[in-house]
Amino acid sequence: MTPTQIRQAIQAYGPIQLRAVMFDMDGVLYDSMKNHARSWHETMLHFGFQHFPVEEAYMHEGRTGAGTINIVSRRERHRDATPEEIAEIYAYKAEHFNQCPPAQPMPGAYELLLKVKASGITPMIVTGSGQKTLLGRLNKHFPDIFRPELMVTAFDVKLGKPNPEPYLMGMQKYASYQSGQSDGSPANFIVVENAPLGVQAAVAAGVFTIAVNTGPLPDEALLSQGANLLFPSMQSLCDHWPLLLDCLNSQ
């Protein structure tokens with residue numbers, strides 16, 4: 001990624017007065033998507049759904065559990081799953097996921113978060129995850145980085161990605177946290193995402209979106225959803241952060 005490419009992407013978007021970076025979690029901060037993908041695949045087989053390959057889970061990443069279950073149920077059973085079915089299937093998936101080896105932080109993620117915070121910019125979490133222990137886990141691997149009032153999780157949203165709701169809510173939470181000192185304008189934010197649906201949600205919310213391709217999908221799966229920039233890894237984004245910041249400051 002060259003300075004020219006970064007400047008051109010920023011110029012194409014328009015002025016950015018960066019105040020906060022909204023990070024997705026799975027596949028961005030944690031190398032956890034392979035566990036999620038395998039858990040979804042095994043869960044679908046257990047409940048009689050025959051056509052949910054591991055790779056498909058990456059395309060649904062960021063969607064609520066209920067949303068994923070209903071897509072597969074409509075495709076194979078030609079109806080929405082009942083609330084009871086959704087609860088049973090998602091509970092089984094969560095149990096299967098919790099039995100996987102703990103996912104480790106993505107290489108470069110903590111270093112990037114430290115650079116973001118040292119730049120005077122606020123790191124935030126916007127995730128479709130509903131893990132009960134989320135905050136404790138984040139504090140363990142990324143100490144003193146995230147604040148609970150600046151997190152959007154599955155418990156906060158009704159629609160979830162690819163709807164822009166999670167990122168719109170993130171901007172609203174930031175504005176409230178700043179007590180009116182920020183209007184929560186999209187031009188105050190950057191999103192870091194690894195999933196097509198997440199990129200779609202961020203772009204729909206009007207936010208400059210950086211994709212990191214940490215999974216098996218082709219780059220085009222992310223670029224076609226409107227990502228403004230694409231990096232091959234979190235480490236690459238971390239290495240380019242000073243350059244990105246310089247480009248933003250020289251608008």
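Keep in mind the model is a prediction, meaning the values are calculated, not measured.

The subject of this paragraph is the overall build of the protein. Secondary structure assignment for the protein yields 11 helices and 6 strands. Every one of the 251 residues in the protein was classed for burial, and the buried ones make up 51%. In the protein, 69% of the contacts between residues at least 6 apart in sequence involve partners at least 24 apart. Carbon together with sulfur atoms contributes 53% to the accessible area of the protein, which is approximately 11200 Å² in total. Separation of charge centres in the protein, based on 19 positive and 24 negative side chains, amounts to 3 Å.

Let us now look at the packing of helix 2 (residues 33-46) against helix 5 (residues 83-98). Contact pair helix 2 / helix 5: the axes reach a minimum separation of 9 Å and the direction vectors enclose 135°. Judged on the interaxial angle alone, helix 5 and helix 2 are oblique. Viewed along their axes, helix 2 and helix 5 form a crossing whose handedness is right-handed. Together, N35, H36, R38, S39, W40, E42, T43 and H46 of helix 2 and I89, Y90, Y92, K93, H96 and F97 of helix 5 make up the contact between the two elements. Its residues assigned to classes, the contact of helix 2 with helix 5 shows 5 nonpolar, 6 polar and 3 charged.

Considering all chains together, one arrives at 1 cavity of 30 Å³ or more under this definition. Around the largest cavity sit G62, T64, T127, G128, V152, T153, A154, V157, G160, K161 and P166, which together line it. Per-class residue counts for the lining of the largest cavity are 4 nonpolar, 6 polar and 1 charged.

Looking at where T68 falls in the secondary structure, it is placed in helix 4 (residues 65-77). When the C-alpha atoms of T68 and Y90 are compared, they prove to be 9.8 Å apart, with 22 residues separating the residues in sequence. If sequence neighbours within four positions are ignored, T68 has contacts with W40, M44, F52, H60 and R63.

In this section: the sheet that holds strand 3 (residues 151-152). Pairing within the open sheet is parallel, and its 6 strands lie in the order 3-2-1-4-5-6. Of all the strands in the sheet, the pair left with one neighbour each is strand 3 and strand 6 (229-231). Sheet topology note: the strand 1 (residues 20-23)/strand 4 (residues 189-193) ladder contains 4 bridges and is parallel. Looking at strand 4, one finds that F23 is bridged to V192.

Before going further, it helps to examine the side chain of H240. Tracing the backbone shows H240 in helix 11 (residues 234-249). Since its relative accessible area comes to 18%, H240 is described here as buried. Not counting residues up to four positions away in its chain, the partners in contact with H240 are M1 and F231.

Moving on, we come to the packing of helix 1 (residues 3-13) against helix 11. Two elements in contact, helix 1 and helix 11, have axes separated by 10 Å at closest approach and are oriented at 45°. Overall, the two elements helix 1 and helix 11 adopt an arrangement that is oblique. Both helix 1 and helix 11 take part in a crossing whose hand is right-handed. On the side of helix 1, the interface is formed by P3, I6, R7 and I10, while helix 11 contributes L243, L244, C247 and L248. A per-class count over the contact of helix 1 with helix 11 returns 7 nonpolar, no polar and 1 charged.

Within this structure, the stated rule accounts for 10 salt bridges. Two residues, D31 and K34, come together in a salt bridge whose shortest N-O distance is 2.9 Å. The class of K34 is partly exposed, set by a relative accessible area of 45%. Residues joined in a network through salt bridges with shared partners are D24, K161 and E193.

Moving on, we get to helix 6 (residues 109-118). In an α-helix, one turn spans 3.6 residues; hence positions three or four apart end up facing the same way. When helix 6 is considered as a whole, its buried residues turn out to be A109, L112, L113 and V116. Buried residues of helix 6, viewed axially, fall in a sector of 100°; they line one side. Here the buried face of helix 6 lies against strand 1, strand 2 (122-126) and helix 11. Of the residues flanking the end of helix 6, it is G120, one or two places downstream, whose phi is positive at about 80°.

We now examine the state of the cysteines. Two cysteines joined by a covalent bond between their sulfur atoms form a disulfide. Per the counting criterion, the structure on display carries 0 disulfides. In this structure C247 is not part of a disulfide, and its nearest cysteine sulfur, from C238, lies 16 Å away.

Criteria and cut-off values
- Residues numbered from 1 in each chain as written.
- Predicted model: local features only at pLDDT ≥ 70, side-chain atom pairs only at ≥ 80, totals over all residues.
- Heavy atoms only, no water.
- Helix = DSSP H or I, 4+ residues; strand = E, 2+ residues; numbered from the N terminus.
- Buried < 20%, exposed > 50% of the residue type's maximum accessible area, 1.4 Å probe, protein only.
- Contact = heavy atoms within 4.5 Å.
- Areas by Shrake-Rupley, 256 points an atom, 1.4 Å probe, with all protein chains shown as cover.
- Lys, Arg positive; Asp, Glu negative; His and termini not counted.
- Charge placed at Lys NZ, Arg CZ, Asp CG, Glu CD.
- Axes fitted to C-alpha atoms, helices over the stretch in contact; angles between N-to-C directions.
- Parallel < 35°, antiparallel > 145°, perpendicular 65-115°, else oblique.
- Left-handed = near helix turned anticlockwise from the far one by under 90°.
- Nonpolar A, V, L, I, M, F, W, Y, C, P; charged D, E, K, R; others polar.
- 1 Å grid on protein atoms, 1.4 Å probe; cavity = no way out; pocket = protein on both sides within 12 Å on 5 of 7 lines; lining within 4 Å.
- Points joined across faces, edges and corners; volume = space filled by probe spheres on them.
- Pairing = 2+ DSSP bridges.
- Salt bridge = Lys/Arg side-chain N within 4 Å of Asp/Glu carboxyl O.
- Arc of directions from axis to C-beta.
- Disulfide = S-S within 2.5 Å.

No statement about biological role is implied by the geometric values presented.
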